Each structure stands twice: as structure tokens, then as C-alpha cells.
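Per-entry structural report
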Amino acid sequence: MKAGYLQFAPRYLQPEANRETVAELVTDLDADLLVLPELFPSGYYFKSQSDLEQVAEPIPEGETTQALLQWASDTGTTFVAGLAEREGGAIFNSAVLVRPNQTTETYRKVHLFYEETERFDPGDLGFPVFEASTRSGQTYRLGIMVCFDWYFPEAARSLALNGADVIAHPSNLVLPHCPDAMPVRARENHLYSITANRFGTETKGDEELTFIGMSEICGPTGEILRRASRDEVEIGIESFDPHDARERHINRFNDTLGDRRPETYVTQ
Ligand code: ACM
């Protein structure tokens, strides 16, 4: 399959302009799977709750999911993209999976970062894994986590235990460690990961958040297959066989997931 990330710098509270930017970038896309950043239509550092309420959208009825459905239909690509989701009275920091066959799935960010803890409701759907397929019809299993979820190894491990071959990871990274941590997440779970980050700076009063770019594709032996710059608009695509993730033996005695000893671990 051909899979990768789209890295750009969303403009704060300008969903139409941000969708337009992505629409232009994906016009000639040749990919089976493309991951977009966290909160790509709205920007990240909300100055007020009413700013967030203005841009939160239902899935799939909202304009962003509708745009993604159109792009998926035009290109044959499966998209995973971050957005603020309105569900009843709740607002989640979500990622939507959109297939060319016009079906969608939702993941809601479990581990909220910094002021997100005051703005969003915590994800309530766990770490589900979804079936997806390439344009040539190869099926694979796709898990999703959003940005700060990387910090908790349990997130990627839960996706691996649920059968993920590939983790799509929409992000707005500000801490510097994730690009070095994701190869480890990929190695310790023996799967592919695609982190789609943003770059640029957002301010709130006298506070400033700078996003680090360096979107990344990692492979099951911990190799970095591709890493983006810190501050350029980039689509990065790699070719790989997602089923390579399924051979999780380390040698003839050891298995990546099978050798776990859950009865010896502290889970609380
Ligand atoms: C983050 O979770 N956006 C750092």
C-alpha cells in the first residue's frame, strides 16, 4: 500500500480556508491512506470555550466530514483526520476515518493535553481498530490515536492487541520527544505508524505554543521510513505491505505480543 501524512499549518478558526488548503493539496493524490493533523480545520489553542463551540461539528453530517467524503470519493484514498466533534452536549477531540465507499468511523482522544483537559470531554470509545482496504482491494486493520496518546504506551499497545497493522496518529505536537518515541511504539508493537503533525505557532494572551512538524512514518522493526521537515507543507508517502506487521515473532523462542505476562503487570 501507499500511505502517509499531510503536514501543514492550519489557520486558527478558519475552517473553510483550511479545508480549501487541503482540497488543493490532495487534488492529484496517489495514496491508499492519508493522515491529516489533529484539529486540522480549526487550529489548536482555543482562546475561549465559545471559539471551540463555533468550530465543533457533528460526524458525519458536519462540513469537514462531508469534505473528507468528497476527497475520498475523488481520489480513492482512505483519510484519517482530526477535528473537534460535537455530540449532543459534549465536545470531543476526535479523529474521523473516511473510506472511499463513503463509510466513516470515529475515535475520540483519550489522553487530553494541557488546556484540552478544560475544553474537551475525554474520549469514551476506547481504542477500536477498523477494517480498511487499499485501492487494489487488500484489507488491513487500522487503529487511531491522537497526539498526546503517544505518551502512554498503553494506547499503542491496546491498538496492537486489538489487531492493528497500522496506527494513524493525527497530531499537534509541541513537546520534542514524540518523533523519537514513535519508532519505539512501532517496534514494541511490531506495526506501522503514521504521525501527521502540524507546524506554526498559536498564541493565547501571553502564552505561545509552537508545533514541531517532523511528521513521520515508522515501520515494525522501529525504522523511520520517512520524516518531514519542521516547518514545510509536505505530503510524505511510503510504500509498504501492512501485513508485514502480522509476523510478530522475534526469534524461534519469542513473540512480541505472545510473550507478554499480563498476570505480572500492574494495571492500576
Ligand atoms: C497534543 O496532544 N496536542 C500535544
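Calculation criteria
- Every chain is numbered independently, its residues counted from 1 as its sequence is written.
- Restriction of local features to residues with pLDDT of at least 70 applies here, the model being predicted, together with a cutoff of 80 or more for giving and counting side-chain atom pairs; totals for whole chains, interfaces and linings are based on all residues.
- Side-chain descriptors were evaluated using all non-hydrogen atoms of the structure, hydrogens and water having been removed beforehand.
- Both site types are read off a 1 Å grid over the protein atoms alone. A 1.4 Å probe that fits but cannot get out defines a cavity, while an open set with protein on both sides within 12 Å along at least five of seven lines defines a pocket; lining residues have an atom within 4 Å of a point.
- Grid points are joined across faces, edges and corners, and a volume is the space filled by probe spheres set on the points.
- When residues are grouped by polarity, Ala, Val, Leu, Ile, Met, Phe, Trp, Tyr, Cys and Pro land in nonpolar, Asp, Glu, Lys and Arg in charged, and all others, Gly among them, in polar.
- Strands were regarded as paired on the criterion that DSSP finds at least two bridges between them.
- Per the convention used, a helix needs a DSSP run of H or I reaching at least four residues, while a strand needs a run of E reaching at least two, with both numbered from the N terminus.
- For Phe, Tyr and Trp, where Trp contributes only its six-membered ring, two rings pair if their centres lie within 6.5 Å, and the inter-plane angle classes them as stacked under 30 degrees, edge-to-face over 60, or tilted in between.
- Burial classes: relative accessible area under 20% of the type maximum marks a residue as buried, over 50% as exposed, and values in between as partly exposed (1.4 Å probe, protein chains only).
- Two thresholds decide whether a charge sits over a ring: the Lys NZ or Arg CZ must be within 6 Å of the ring centre and within 35 degrees of the ring normal.
- Between the N-to-C directions of two axes lies an angle of 0 to 180 degrees, each axis being a line fitted to C-alpha atoms and, for a helix, fitted only over the stretch in contact.
- Handedness of a crossing follows from how the near helix is turned relative to the far one, being left-handed for an anticlockwise turn of less than a right angle and right-handed for a clockwise one.
- By definition in these notes, contact holds between two residues if any of their heavy atoms fall within 4.5 Å.

As a further point, take empty space enclosed by the protein. In total, this model carries two cavities of 30 Å³ or more according to the counting rule given. Residue lining of the largest cavity: Tyr 44, Phe 113, Glu 116, Cys 147, Phe 148, Trp 150, Asn 172, Leu 173, Val 174, Leu 175 and Leu 209, and that is the complete set. Looking at the lining of the largest cavity residue by residue, the classes come out as nine nonpolar, one polar and one charged. Here the second largest cavity is characterised by a volume of approximately 70 Å³. As for the second largest cavity, its lining consists of Tyr 44, Tyr 45, Phe 46, Phe 113, Tyr 114, Glu 115, Glu 116, Arg 119 and Phe 120.

Once that is clear, we can look at the pairing of strand 11 (residues 207-212). One ladder, built from six bridges, connects strand 10 (residues 199-204) with strand 11; its direction is antiparallel. Among the inter-strand pairings, Gly 200 is bridged to a residue of strand 11, identified as Phe 211. The hairpin formed by strand 10 and strand 11 contains two residues between the paired strands, and Gly 205 there has a positive phi angle of roughly 60°.

Its place among the elements puts Ser 42 in the loop between strand 2 (33-35) and helix 2 (49-55). Sequence-wise, Ser 42 and Leu 13 are 29 residues apart; in three dimensions their C-alpha atoms are separated by 4.7 Å.

With that settled, consider the packing of aromatic side chains. The final tally for this structure, using the stated rule, is 14 aromatic pairs. Here Phe 113 and Tyr 114 contribute two aromatic rings whose centre-to-centre distance is 6.0 Å and whose plane-to-plane angle is 40°, an arrangement assigned as tilted. Overall, Phe 113 belongs to the buried group, its relative accessible area being 16%. The class of Tyr 114 is partly exposed, set by a relative accessible area of 41%. Here the aromatic cluster, defined as three or more aromatic residues joined through ring pairs, consists of Tyr 45, Phe 113, Tyr 114, Phe 148, Trp 150, Tyr 151 and Phe 152. It is Lys 47 that lies over the ring of Tyr 12; its NZ or CZ is 4.8 Å from the centre. Sitting above the plane of the Phe 92 ring, Arg 108 keeps its charged end 4.1 Å from the centroid.

This part takes up the layout of surface pockets. What the largest pocket holds in volume is close to 330 Å³. Every residue lining the largest pocket is listed: Pro 153, Glu 154, Arg 157, Ser 158, Leu 161, Glu 188, Arg 260, Tyr 265, Val 266 and Thr 267. Examining the composition of the lining of the largest pocket, we find that five residues originate from one element, helix 5 (residues 153-161), more than from any other. Broken down by class, the residue content of the lining of the largest pocket amounts to four nonpolar, two polar and four charged.

With that settled, the discussion passes to the packing of helix 5 against helix 6 (residues 178-189). Packed helix pairs are characterised by how far apart their axes lie and by the angle those axes make with each other. At a minimum axis distance of 10 Å, the contact between helix 5 and helix 6 shows a crossing angle of 35°. The two elements helix 5 and helix 6 meet at a crossing, and its hand is right-handed. Contact with helix 5, carried on its side by Pro 153, Ala 156, Arg 157 and Ala 160, involves Arg 185, Glu 188 and Asn 189 of helix 6 and no other residues of that element. The residue makeup of the contact of helix 5 with helix 6, split by class, is three nonpolar, one polar and three charged.

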